[in-house]
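Here are the chains, one letter per residue:
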Amino acid sequence: MTEQATTFLHILRQQPWSLWWLQGKRLARIEVRRNLLSRRAWWIYFLAFVPTVIILIHTLTSSHPQFGITEDSTILAGIVQFYYIRLGIFFGCLGIFSRLIRGEMIERSLHFYLLSPVRREVLLLAKFAAGSISALALFGSAIVANFAFIYVAFGPGGYDYVFNGPGMGQLEAYLAIVVLACLGYGSVFLLLSMMFRNPTPAALLVFGWEAINPVMPSLLQKISVASYLRHLMPVTVRGADIFALLTVPTEPVPGWVAALGLIGLIAVVLTYSCYRMRTLEIRYTTE
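How each quantity is defined
Residues numbered from 1 in each chain as written. Predicted model: local features only at pLDDT ≥ 70, side-chain atom pairs only at ≥ 80, totals over all residues. Heavy atoms only, no water. Salt bridge = Lys/Arg side-chain N within 4 Å of Asp/Glu carboxyl O. Helix = DSSP H or I, 4+ residues; strand = E, 2+ residues; numbered from the N terminus. Buried < 20%, exposed > 50% of the residue type's maximum accessible area, 1.4 Å probe, protein only. Disulfide = S-S within 2.5 Å.

Asker: Break down the pattern of salt bridges for me, citing the residues and quoting the values.
Answerer: Throughout the structure, instances matching the rule amount to six salt bridges. A salt bridge links R34 to E104; the shortest N-O distance between them is 3.1 Å. Of the two residues, R34 sits in helix α2 (residues 17–37) while E104 sits in helix α4 (residues 69–106), which places them 70 residues apart along the sequence. Judged by its relative accessible area of 27%, R34 is partly exposed. Accessibility expressed as a relative area gives 2% for E104, which makes it buried. In this structure, E121 engages R278 in a salt bridge whose closest nitrogen and oxygen atoms are separated by 3.4 Å. Note that E121 is positioned in helix α6 (residues 120–152) and R278 in helix α12 (residues 255–278), a separation of 157 residues in sequence. Its relative accessible area of 18% is what places E121 among the buried residues.

Next up, the structure:
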């Protein structure tokens, strides 16, 4: 081991990791309560659970012959691919993560955190963790509820499909997609909230980029959250008419490669966000 590596490891051991962990955990707990229990979060609950209400109505009012399991599985995959990934999680994370920094600037309360004896990187990562937990709690619960309502209507056939067939594997894949989508979009919107006074126009540009990304060159497709998530879908759904633009066939990528690629993208965005947080200045007169 070189002298430089030894010095670096020695510096790492001297850092107050336990203190940073305690500070981050307490900050995250505060932010989670604010995200989930605020009256302003009602529309994020709506985004998460409106498909659940529709599926529940379908379960209660329609007949469910056993041969319809495959069709309903495809419908559920379409809801995840076209609604949650493209719309629900996207705008839900925009609402959650954009207010973590920019929202407190507007409310003129962020300086209380910045004046406290907490490293700015710890503050940023704690807020990111809180936003991620909030988004996962909402959209993860919605996916589980959707999945349950889809297959409970088929009785023993649905039970057999879930526990003796591919159903449980599909649920695990959907939950993995939700986790990566929340982390990916959350990191992007957290960064945008520090770069722009109003992150919404920039977020709409990101929305447009995600929509046209499947027809871009393969190198540019790597700068997209949805492009990685596409390869994790357990059931392939092709769009019709204008929605076919969203499902242009691309070279298949193993799921673990897509997951690692997205995690790498998240790490890069968070690293730059920590740098921006270190140099962040608040001028309430211009906010």
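Past the structure itself, the notes keep going.
Asker: Could you give me a rundown of the state of the cysteines, with the residues and numbers involved?
Answerer: Overall, the coordinates contain zero disulfides when judged by the stated rule. Sulfur of C182: no disulfide; nearest cysteine sulfur belongs to C93 and is 4.4 Å away. Accessibility expressed as a relative area gives 0% for C182, which makes it buried.

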